[in-house]
Structure formats: structure tokens, C-alpha cells
Amino acid sequence: MENERKKMTKLVHALLCMGEALVSCGAEIFRVEDTLNRVGYAYGASNMNVFVITSSIVITMEMPDGQLMTHTRRIRNANGTDFTRLEKLNELSREISSSPLPPEKLEERIKEIASGSCRKRELLAGYVLASAFFTVFFGGSLYDAAAAGVVGVFIWILAIYLMPFCMNNVVYQFSASLLSGLLICVAAKIFPGLSMEHIMIGDIMLLIPGIMFTNSLRDVLLGDTISGAMRLIEAILLTFALVLGFVAAIWIVGRAL
Amino acid sequence: MRDAIIQLITGAVGSVGFALIFRVRKSYFLHVLAGSILCWGSYLAATAALGGTEVFLPTLISGFVTAIFAEILARVCKAPSTVFFMTSIIPLIPGRTLFYFMQAIVREQYSQASNYGMATFLTALGIALGMSAAWTICDFSRKIGR
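Residues numbered from 1 in each chain as written. Chains lettered and ligands numbered in written order. Predicted model: local features only at pLDDT ≥ 70, side-chain atom pairs only at ≥ 80, totals over all residues. Heavy atoms only, no water.

(A) Layout of the overall build of chain B. A tally of helices and strands in chain B yields six helices and zero strands. Listing every helix and strand of chain B by position from the N terminus yields α-α-α-α-α-α. Here chain B has a C-alpha radius of gyration of 16 Å; the compact-globule value for 146 residues is 15 Å, and the two agree. The principal-axis extents of the C-alpha atoms in chain B amount to approximately 55 × 35 × 30 Å. Residues classed as buried in chain B amount to 51% of the 146 residues present. If you take every contact in chain B between residues at least 6 apart in sequence, the share linking residues at least 24 apart comes to 64%. (Helix = DSSP H or I, 4+ residues; strand = E, 2+ residues; numbered from the N terminus. Rg over C-alpha atoms; globule rule 2.2 N^0.38 Å. Buried < 20%, exposed > 50% of the residue type's maximum accessible area, 1.4 Å probe, protein only. Contact = heavy atoms within 4.5 Å.)

(B) Looking closely at the pairing of strand S3 (residues 68-74) of chain A. Residues and elements named next belong to chain A. The pairing of strand S2 (residues 56-62) with S3 spans seven bridges and is classified as antiparallel. Counted as the bridge partner of valine 58 is threonine 72 from S3. From the end of S2 to the start of S3, which pair antiparallel, there are five residues, and glycine 66 there has a positive phi angle of about 95°. (Pairing = 2+ DSSP bridges.)

(C) Layout of the sheet that holds S2(A). Residues and elements named next belong to chain A. Here we have three strands laid out as an open sheet, ordered S1-S2-S3, and antiparallel in their pairing. At either margin of the open sheet sits one strand with a lone partner, and together these are strand S1 (47-53) and S3. Strand-to-strand twist in this sheet, taken as the mean axis angle between neighbours without regard to direction, amounts to 5°. Its contacts with the sheet put helix H2 (residues 29-42) on S1 and S2, and the angle it makes with S1 is roughly 155°. (Axes fitted to C-alpha atoms, helices over the stretch in contact; angles between N-to-C directions.)

(D) Representation of unusual backbone geometry within the structure. All names here are of chain B. In this structure, arginine 23 takes a positive phi of about 55° despite not being glycine. Its location among the elements puts arginine 23 in the loop between helix H1 (2-21) and helix H2 (29-50). Here arginine 23 falls in the buried class, since its relative accessible area comes to 15%. Within the chain, lysine 78 stands out as a residue other than glycine whose phi angle is a positive 55°. If you trace the backbone, lysine 78 turns up in the loop between helix H3 (56-77) and helix H4 (81-88).

(E) A look at the environment of Asn168(A). Relative to the elements of secondary structure, Asn168(A) occurs in the loop between helix H6 (142-162) and helix H7 (169-190). Of note is the side chain of Asn168(A), whose polar atom sits 3.0 Å from the backbone nitrogen of Val171(A). (Polar contact = N/O pair within 3.5 Å; in protein donor to acceptor, adjacent residues only side chain to side chain.)

(F) Here's a closer look at the packing of H3(B) against H4(B). All names here are of chain B. Closest axis-to-axis distance for the H3/H4 pair is 8 Å, and the angle between their directions is 145°. Both H3 and H4 take part in a crossing whose hand is right-handed. Each of Gly63, Thr66, Ala67, Ala70, Glu71, Leu73, Ala74 and Cys77 in H3 lies in contact with H4, whose residues at this interface are Ser81, Phe84, Phe85 and Ser88. In terms of residue class, the contact of H3 with H4 is made up of seven nonpolar, four polar and one charged. (Left-handed = near helix turned anticlockwise from the far one by under 90°. Nonpolar A, V, L, I, M, F, W, Y, C, P; charged D, E, K, R; others polar.)

(G) Representation of the pattern of salt bridges within the structure. Counted by the stated rule, this structure contains 14 salt bridges over all chains. Salt-bridge contacts for Glu20(A) lead to Arg73(A); the nearest nitrogen and oxygen are separated by 2.6 Å. With Glu20(A) in helix H1 (residues 2-24) and Arg73(A) in strand S3, this residue pair connects regions lying 53 residues apart in the sequence. Since its relative accessible area comes to 26%, Glu20(A) is described here as partly exposed. A salt bridge links Glu71(B) to Arg142(B); its shortest N-O distance comes to 3.3 Å. Of this pair, Glu71(B) sits in helix H3 while Arg142(B) sits in helix H6 (residues 110-145), and the two are 71 residues apart along the sequence. The structure contains a network of salt bridges with shared partners spanning Glu71(B), Asp139(B), Arg142(B) and Lys143(B). (Salt bridge = Lys/Arg side-chain N within 4 Å of Asp/Glu carboxyl O.)

Here is the structure:
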């Protein structure tokens, strides 16, 4: 009996880790609940109650012999997007639905997936490619694209070195927008051939929380109203911070130079 | 026409840039290219067909087409559809209208600002609604198939 209980605690703990990993790599709330339910039933639960919002997970697992267990987990960071991790977790859940691993093993596997290194170089390549090509996409010249690429490198530096010092995402978003806006405005003043407008549009694409906004509306429309509303408000706040940052940058450079 | 081709190509490469940021598997990069071209192509086609003054409906149509494409790829590749949808939809993200919104605010042209703000919001809403419609249909077809 005591042994059973310990095993169950380990299992529920592993499920919480899995849920947290899923939420923090950009999975839909619907998918997180569905996955945790399926994994729970695969381990022999007679009834699973999973409630997930972007900041918390509650799992109640009921065994056929009447044992009950409820655990909760507070999630602090629900804004990442990491599709390699998402896919690996998805594969893992499929694998254990057909042949359950022992709970210790399961937690090990989840930790292994969740701790995968963030590859800075690929992130840098992504920032430069995205900002430079979207500058041309929105009508900029090749020089504008090159400048936007350089600002992309700057935003990458901010994302890696400034983000950890920021109190929260909104503060980071404001500082990143202000600093890159200043850089773009000053560069456009120094090199009159550059179009401030197009460079800025290209680099806004890196900072705009478009994916978050789409995600939030999708959550609402799929029935997870609370999560959707939380993400929506966060996306709106981030957009405000972005607008404030860039507007302040344009204004400061317009007045000062 | 030349502009459209430039947009299709640069938008697709830019989307691969986002695929790198979101850590999509490298073997899916071709899918992302195709998805992004389909997304922007369907947007351009819908804009042309509807007369080119509206933002909302073309975005809705393009979001729908892209989401169906993502669902199909998801079943073929046995991966979550989000992976394909979120990377393909990037060209539709309203970065440009948001910029004009800000510019209008700085220039104190408030009626223009409200127009661009509205366009930004409608674009985002169009994407989400188009995607949800596609999602609902796919969910139905899955359940009826059983």
C-alpha cells in the first residue's frame, strides 16, 4: 500500500513536469490537457481530472482501487516557443500510451527533453534572416535589408543578455523596442539612403507578439477561455510596450537631432 | 506581378528564419517554405478577387487555407499541426500596419491611427478565425471518420 502510494506520487509528479514542459514550449492548452489525460489512463487510472491554464496545472488521478491523488504546479514561464521540444514530448506521449515506462524513467525522459540546450547560433541566424527578408518583403531596398539584419543581431544580443535582467516580459519588450528603435532612427539619420520606415517594419516583425495573439484567440475559440484571456491580455500589454518603445524612440530622435 | 514574386520568395525565406527561432526540425524547412508561399499566395489571390480594399476577409481566407494545409501536413508527418501553422502564417502577421499605426500617433494624425489600429486588430482576428474554422472542420472529419 505504502509502495503503491509512492509510485503514484512519482507518476503524478512526472505528469506535472510533462504538462509544464508542454505549456512552456508553446503547446495549445487543449493539447496539454488531452495529452495528460491520455498518459494518465495509459498508467491505469480509472478517472483523470486535469485542469490547465497558462499559469497553473491541477491533476487529480483516481485509481481503480479508490486511491485519489491531487497535485498542483504553478507555471512561471509559459511564453516560449520550441517546436523540437514539443514534437519530442508528443512522440514520448504516444510511446507511453502504448507501453508505459516506469514513472522514474518517465520523469528522466521528460527532464532530458526539457533541458535541451538553447542553440544561440541558430537563433542568431533566425533573427537575421527573418528581419532582413521581411524588410524586403514589405518593400525595403537591399541596403535596408542589410541594416535590418544588423539590428536583428542587436535584438539577438538583447534577447540573450538583457532578457535575464528584466523584471518581466513587458519591461524587456519596452527596453528592446526603445533601444532598437533608437538604433534604427540614428542609423537612418546618419545614412540618408536608408529608409527608417522599412527597417523598422522588418525589425518589428521580430518583436511583435503576433503568434501569442493568434494562440490566445485560438485558445478562446477552442473553449479554454481563461487561458485565452490571460494570453490575450499579455499580448496586448506586450504590443503596448512595443508601441511605446518605438514611438518614444522616433520622438526622441526627431526632437534631438 | 514582379512585386508579388519578390514578396512570395522573401516571405518564405523570412518564415524559415522564424522556423529557426522556433526551433522547427530542419527536415521540415521545405514544408515551411511551401506553407508560407501558399499562405501569402492565397492572401494575394483573395485580395485580388475581392477588389483589394479589404483586409479582414482575405486574411480570413488565407488563414483558413494555411490551417488546412498545416492539418494535412500534421497527419502526413505525424507532428502537431501548430508546428506548420505558426511558421507558415508569419507573412500575414500585421507588422506593417502596426508600424503605420505608431507613425500616425507620433505625427498626431489620430483618425489614421485608428484606421491602422483597426486594420492591425482585424488582421490578427482574421488569422485566428480562419484557423479556428479549419480546425473545427478537421475535428469533425476526424470524428465522423471513426
